[in-house]
Amino acid sequence: ETPRLEQLKVPATLTGVLQARIDGLPKAEKELLQQASVAGRDFWDALLLELNPVEQQALARLLDSVQRRELVFRHAHSSFGDTDEYRFKHIILRDVVYETVLLKLRRRYHEATARWLEAHSGARVGEHAASIAEHYAQAGNAAQAGAWFLKAGKVAQNISAYREAEATYRRALEFIAPAERGSAHIAHGQVLEKLTCYDEAVQALETGIALAREHSPAQAAEGLTELSWINTLRGNHQAAFAHATEAFSLARGDSDRRELARARMRYCSAHPDYEATDMLACFEDVLADFTAAGDPHGQATCLLNIGNIYLDELNQHENAAIYYRRSQELYREQGNRWGLENCLMNLGITISQQGNQQSAIQCYQEARRLAQEIDDGEGLALGEHNTANAFLKMTELDSATVHYVHSFDLSLKLGLLPLALINLTNLAETTLKQGHHETAALWLGTAKAQLQLYPRLGEELERLLTEVQAQLPLAIYEAALARGGALSLAEAGALLPREDANPLQPSQNHAQNVE
C-alpha cells in the first residue's frame, strides 16, 4: 500500500482540493459550472441556456447532478421570473471554477450575461446596474461599462449610499471617453460634497464643468450650482453668488426645465439682497416647475428650503413643520436617507421652538443616526449643534458646552467655517451665562472679526456684545475683545474647554439648509 499512497497527489490547500474535485468532473458538468461561475456566486438556469444552448431537459439533468455532488444548491425563490436561481455552495468554489475559464470565453460569457441581466431586469434594472456594468467591464465593452457604471452610481446616490456611489463613479471614469466625462466628474463631485470631501469635490466639479461647457450647458449649470453650494458651506459667499449667477444664466439658455429650476433655487438662496419674501416667491415658482417636470427629488428639496425660510427668516415654526413633513414624505418614497435626515433635523428645531426640548433631542439623535449611516459629516456637526441648543434652552450649560465644542471641532475639521463661527458664538453665550464674562468677550472678539463667514449672525452677535459689555469694566472688555479679534477660529478653538470628550447624546437652532 505504501507505494500507492506515495503516488497520490495530496493538495496542500483548500483551493487545491477544490481544483482537483472540479478537474475530476465529467466534461459537461465542468463546462456548466464554468459558465455559471461567470455570472457570480448566484446564477440562473435561463442564463445558462443563453450561454450554451442545450435542451432544457439536458440542462436540468446537469444541474441535478452538480446539486447531488453538493457543489451548488437551488434557492427557494428567484430574483427573476420564469427561471430557477442557483448558488455555488462556497464562494471559494465559485472563484476556483472561474479561474479555469479560458480568457477568450470569459469575455463572451460576460457580454452575454450583461445583456441577459439587462433584458430580464425590467423595472428593477437599477438593482442590477452595478452588476451589469461589471460584466460589460470584464467583457472589454468600455462604452457600455461606462454608461452602466454611471447608472449604478446614480442609483446609489439617490438612496444616499454615498461611499458606494463615489466608488462607482470612479469606475465609470475608467471607461468613459475623456471628452464625454463631464457628467461623471460632476456626479462624482456631488457625492464627494455629501461626504464632506470639499477640496476633492471642487476639483471634480471644476473638471466636469470645463468639459461640459462645450456641449451641455445644463450639465455645466448643474456643476456650477453644486460649486456655489460648497462655497456657501465654507463661507465664501461672494464666490457662491458668482457661481449661482453663471449657473442660472447657462440654465436659462438650455431646454432642461429641471436644471433651470435647480439653478434658480440656488441663485435665490445665494442672492445677497433677497429678503425672505423674495426667496419665498422664488421657491414657490420653482416648486411649481419641479412639479410640472415630474421631479420628486426637486420637489422635496424645494419644500425643505421653503420650510427653512418659514423657520429661519419668518419665525413661523408651524408653517415650517408643514413643509418639512411634505418634504419628508417625498424623500421617504424615494428612499433618500439624506433628505430624511434633513427633515428630522429641522422638525426637531420646530419642536424645540415649541418648548419640548427632550422630544427635539430625540429627533436630533435619529437624524444623527442617519448621518452616521450615510457618512454625512455636515449632518453630524449640525446634530451636535442643535442638541447643544436644546440643552442651552434647558439651562443645562455643561451639557450644552460639551456638544457645542464637539460641533465646533468637527465643523473646523470639515471646513464648515460658518458653522464653526456659530458654535463659537453660542459658546460665548453659554460662558456668559456661567459668569465667565471675560472669556465670553474673548470668543465674541474672534466671532466679530470673522463675521464675513456668516453675516446673518451680526444681530445676535451685537446682542451678546452688549450683554458682556454691561458685565465688565470697559478696559477689560475692550482688551478681551481685541485679544479675541487677533485669533483665528482654530486658535480660538484651541482655548475651548474639553473636559468631557464623550458626550452621551448627539449635539441658535439652525435649519439644515440644502442646495
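Residue indices begin from 1 for each chain and proceed along its sequence in written order. Under the rules for a predicted model, residues below a pLDDT of 70 receive no local features and side-chain atom pairs below 80 are neither given nor counted, while totals for whole chains, interfaces and linings still include all residues. Note that water and hydrogens are dropped before the side-chain values are worked out from all heavy atoms of the structure.

### Points about the overall build of the chain
Moving on, step 1. A tally of regular secondary structure across the chain gives 27 helices and 3 strands.
Moving on, step 2. Reported as C-alpha extents along the three principal axes, the dimensions of the chain are approximately 100 × 65 × 40 Å.
Moving on, step 3. Three exposure classes are used, based on accessible area relative to the maximum for each residue type with a 1.4 Å probe and protein chains only: buried under 20%, partly exposed in between, and exposed over 50%. The buried share among the 515 residues of the chain stands at 50%.
Moving on, step 4. Per-residue and other accessible areas were derived by the Shrake-Rupley procedure at a 1.4 Å probe size, with only the shown protein chains allowed to occlude residues. Carbon and sulfur atoms provide 50% of the accessible area of the chain, an area that totals close to 23,500 Å².
Moving on, step 5. Each charge sign in the chain was given a centre, from 48 positive and 68 negative side chains, and these centres are 8 Å apart. Secondary structure follows DSSP: runs of H or I at least 4 residues long count as helices, runs of E at least 2 residues long count as strands, and numbering of each begins at the N terminus. Charged residues are defined narrowly, with Lys and Arg counted positive, Asp and Glu counted negative, and His plus the chain ends left uncounted. By convention, charge coordinates are those of NZ in Lys, CZ in Arg, CG in Asp, or CD in Glu.

### Examining the sheet that holds strand β3 (residues 85-88)
Moving on, step 1. A pair of strands is labelled paired if DSSP reports no fewer than 2 bridges between them. With antiparallel pairing, the 3 strands of this open sheet are ordered in space as β1-β3-β2. The open sheet is flanked by β1 (42-44) and β2 (72-74), the only strands paired with a single partner. Geometrically, the sheet is characterised by an average inter-axis angle of 30 degrees between neighbouring strands, direction not taken into account.
Moving on, step 2. Where β2 meets β3, 3 bridges bridge the pair, whose relative direction is antiparallel. Considered in β3, the bridge of Val 72 is made with Phe 88. Inter-axis angles, ranging from 0 to 180 degrees, are taken between N-to-C directions of lines fitted to C-alpha atoms, where helices are fitted over the stretch in contact.

### Concerning the nonpolar core
Moving on, step 1. To form a nonpolar core, buried Ala, Val, Leu, Ile, Met, Phe, Trp, Tyr and Cys residues must be joined to one another through side-chain atoms within 4.5 Å. Phe 283, Cys 302, Ile 306, Trp 443 and Val 468 are the most contacted members of the largest nonpolar core, which has 107 residues in total.
Moving on, step 2. Residues Leu 25, Ala 39, Leu 93 and Ile 176 belong to the second largest nonpolar core, which totals 43 residues.

### Quick look at the packing of aromatic side chains
Moving on, step 1. Here a Phe, Tyr or Trp ring, Trp counted by its six-membered ring, pairs with any other such ring whose centre lies within 6.5 Å, and the pair is stacked when the planes are under 30 degrees apart, edge-to-face when over 60, and tilted otherwise. In total, this model carries 11 aromatic pairs according to the counting rule given.
Moving on, step 2. Arranged with centres 5.5 Å apart and planes meeting at 35 degrees, the rings of Phe 241 and Tyr 267 form a pair that is tilted. Of this pair, Phe 241 sits in helix α14 (residues 237-252) while Tyr 267 sits in helix α15 (residues 257-270), placing them 26 residues apart in sequence.
Moving on, step 3. For Phe 241, a relative accessible area of 22% puts it in the partly exposed group.
Moving on, step 4. Ring plane angle 90 degrees and centroid distance 6.3 Å describe the contact between Tyr 267 and Tyr 274, whose orientation is recorded as edge-to-face.
Moving on, step 5. When its relative accessible area of 16% is taken as the criterion, Tyr 267 is described as buried.
Moving on, step 6. Residue classification places Tyr 274 among the partly exposed positions, given a relative accessible area of 29%.

### Regarding the pattern of salt bridges
Moving on, step 1. We count a salt bridge whenever a side-chain nitrogen from Lys or Arg sits within 4 Å of a carboxyl oxygen from Asp or Glu. This model, assessed by the stated rule, comprises 31 salt bridges.
Moving on, step 2. In this structure, Arg 87 and Asp 42 form a salt bridge, with 2.7 Å as the shortest nitrogen-oxygen distance. You can see Arg 87 sitting in strand β3 and its partner Asp 42 sitting in strand β1, a full 45 residues away along the chain.
Moving on, step 3. On the basis of relative accessibility, which here comes to 25%, the residue Arg 87 falls in the partly exposed class.
Moving on, step 4. Across the pair Asp 409 and Arg 498 runs a salt bridge, and its minimum N-O distance is 2.6 Å. Residue Asp 409 is found in helix α22 (residues 397-414), and its partner Arg 498 is found in the segment after α27 (489-493); the two are separated by 89 residues along the sequence.
Moving on, step 5. Assessed through its relative accessible area of 31%, Asp 409 is described here as partly exposed.

### Structural notes on the state of the cysteines
Moving on, step 1. Any two cysteine sulfur atoms within 2.5 Å of one another count as a disulfide. Tallied over the full model, the rule gives 1 disulfide.
Moving on, step 2. With its sulfur 2.0 Å from that of its partner, Cys 268 forms a disulfide with Cys 282. Here the S-S torsion is close to 85 degrees, and the disulfide linking Cys 268 with Cys 282 is therefore right-handed. Residue Cys 268 is located in helix α15, and its partner Cys 282 is located in helix α16 (residues 276-293); the two are separated by 14 residues in the primary sequence.
Moving on, step 3. For Cys 268, a relative accessible area of 2% puts it in the buried group.
Moving on, step 4. Unpaired in this structure, Cys 363 has its nearest cysteine sulfur neighbour in Cys 343, at a distance of 11 Å.

### Quick notes on the packing of helix α24 (residues 437-449) against helix α25 (residues 458-469)
Moving on, step 1. Contact pair α24 / α25: the axes reach a minimum separation of 10 Å and the direction vectors enclose 150 degrees. In terms of orientation, α24 and α25 fall into the roughly antiparallel class. Here α24 runs over α25; the crossing is left-handed. Where α24 approaches α25, its residues His 437, Ala 440, Ala 441, Leu 444, Ala 447 and Lys 448 are matched on the opposing element by Leu 461, Leu 464, Leu 465 and Val 468. An angle below 35 degrees is read as roughly parallel, one above 145 as roughly antiparallel, one from 65 to 115 as roughly perpendicular, and any other as oblique. Left-handed describes a crossing whose near helix is turned anticlockwise from the far helix by less than a right angle; the clockwise case is right-handed. What makes two residues a contact is simply this: any of their non-hydrogen atoms within 4.5 Å.

### Some words on helix α5 (residues 56-68)
Moving on, step 1. Here α5 is 13 residues long and its end C-alpha atoms lie 18 Å apart, about the 18 Å a rise of 1.5 Å per residue gives.
Moving on, step 2. Listing the buried residues of α5 in full gives Leu 59, Leu 63, Ser 65 and Val 66. Projected down its long axis, α5 shows its buried positions confined to an angular sector of 160 degrees, all on one face. What points out from α5, more than 90 degrees from its buried face, is the exposed set Gln 57, Arg 61 and Arg 68.
Moving on, step 3. On its buried side, α5 packs onto α3 (27-39), β1, α4 (45-51), β2 and β3. To estimate the expected span of a helix, subtract one from its residue number and multiply by 1.5 Å. What the arc describes is the spread of directions from the helix axis to the C-beta atoms.

### With respect to the confidence of the model for the chain
Moving on, step 1. Confidence in the prediction for the chain averages 92 pLDDT; 94% of positions are at 70 or higher.
Moving on, step 2. pLDDT expresses how confident the predictor is about each individual residue, on a scale running from 0 to 100. Note that pLDDT drops below 50 for residues 1-10; the model gives that stretch 0 contacts with residues more than four away or on any other chain.

### Examining a nonpolar patch on the surface
Moving on, step 1. The patches reported here contain residues having more than 30% relative accessible area and no salt bridge. Joining distances are 9 Å for like charges and 5 Å for nonpolar side chains (Val, Leu, Ile, Met, Phe, Trp, Tyr). Side chains of Leu 14, Val 17, Ile 91 and Ile 92 sit close together on the surface and give an oily, nonpolar patch of about 330 Å² of accessible area.
Moving on, step 2. The set of elements that each furnish at least two residues to the nonpolar patch consists of α2 (14-23) and α6 (91-98).
Moving on, step 3. Here Val 17 is to be found in helix α2.
Moving on, step 4. Using a relative accessible area of 41% as the deciding quantity, one classes Val 17 as partly exposed.

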